[in-house]
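Chain by chain, the residues run as shown.
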Amino acid sequence: MLKDKVTTLLEEALKENQSLFLLDFSISADNKIKITLDGDHGVTLQDCMNVSRAIEHNLDWEEEDFSLEVASAGAASPIKLPRQYTKNIGRKLEVKTQDGEFEGKLTEASGDSITLEWKDREPKPIGKGKITVQKKQQIAISDIKEAKVVLKF
């Protein structure tokens with residue numbers, strides 16, 4: 001019953017801010033509610049507070065003892081939803097597929113595929129030495145095992 005009520009409250013809270021979307025939601029056996037959000041333009045502390053308050057203020061402590069944690073996805077968290085690729089266009093991604101691993105700049109993202117571009121050094125077709133070539137790879141989202149944003153420090 002608690003899960004149904006929290007699900008309804010969460011859906012209402014996300015309707016108020018259409019740029020936010022749910023990545024993960026769980027309730028443990030001891031009623032620890034954990035919600036992980038992401039957003040088209042990122043997630044602010046205020047966004048987390050608003051969702052938390054929308055849920056917490058509509059649950060009765062007398063009826064059910066619970067704890068609530070609302071957080072944003074971490075910078076190093078894997079990309080789980082196609083919607084997350086769109087917000088990361090222009091960033092460098094590390095993508096693992098059945099066919100291998102790719103690392104490059106995300107240049108395009110649609111509902112079913114992404115395009116990565118990167119520069120690579122290859123031997124010259126004639127003579128000695130190497131040349132820099134521009135590579136481009138389109139990858140179906142269904143073929144992606146794991147994708148992460150590469151962070152630069």
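Along every chain, residues carry numbers that run from 1 in the direction the sequence is written. Given that the model is predicted, a residue must reach a pLDDT of at least 70 before its local features are reported, and side-chain atom pairs must reach 80 or more before they are shown or counted; all residues, however, enter totals for whole chains, interfaces and linings. Computation of side-chain values: all heavy atoms of the structure, hydrogens and water removed.

Participant: Go over the packing of helix H1 (residues 2-16) against helix H2 (residues 45-56) with me, naming the residues and quoting the values.
Facilitator: Think of each axis as a best-fit line through the C-alpha atoms, taken over the contacting stretch in the case of a helix, with angles from 0 to 180 degrees between the N-to-C directions. The way it works is that DSSP assigns letters per residue, a run of H or I at least four long becomes a helix, a run of E at least two long becomes a strand, and they are numbered from the N terminus. Across the interface, H1 lies against H2 with an axial gap of 9 Å and an inter-helix angle of 140°. Taken as axis vectors, H1 and H2 run oblique relative to one another. In this structure, H1 meets H2 at a crossing whose hand is right-handed. Contacts from Val6, Leu9, Leu10 and Ala13 in H1 reach Val51, Ala54 and Ile55 in H2. Classification convention: Asp, Glu, Lys, Arg as charged; Ala, Val, Leu, Ile, Met, Phe, Trp, Tyr, Cys, Pro as nonpolar; all other residues, Gly among them, as polar. Residues of the contact of H1 with H2, tallied by class, amount to 7 nonpolar, no polar and no charged. In what follows, roughly perpendicular refers to angles from 65 to 115 degrees, roughly parallel to angles under 35, roughly antiparallel to angles over 145, and oblique to any angle outside these ranges. Handedness of a crossing follows from how the near helix is turned relative to the far one, being left-handed for an anticlockwise turn of less than a right angle and right-handed for a clockwise one. It only takes one pair of heavy atoms within 4.5 Å for two residues to be counted as in contact.

Participant: Quick rundown of H1? Include the residues and the values.
Facilitator: Helical periodicity: at 3.6 residues per turn, an α-helix aligns residues three or four positions apart in one direction. Helix span is expected to be 1.5 Å times the residue number reduced by one. Along its 15 residues, H1 runs 22 Å from first to last C-alpha, staying within 8% of the 21 Å computed at 1.5 Å per residue. Along H1, the residues classified as buried are Leu2, Val6, Leu9, Leu10, Ala13 and Leu14. Around the axis of H1, the buried residues are gathered within 135° of arc, so they sit on the same side. Exposed positions of H1 whose direction lies more than 90 degrees from the buried face are Asp4 and Lys15. Relative accessibility under 20% of the residue-type maximum defines a buried residue, over 50% an exposed one, and the middle range a partly exposed one, all with a 1.4 Å probe and only protein chains included. The reported arc concerns the directions from the helix axis to the C-beta atoms and nothing else.

So, to be careful, I would describe these as geometric facts and stop short of saying anything about function.
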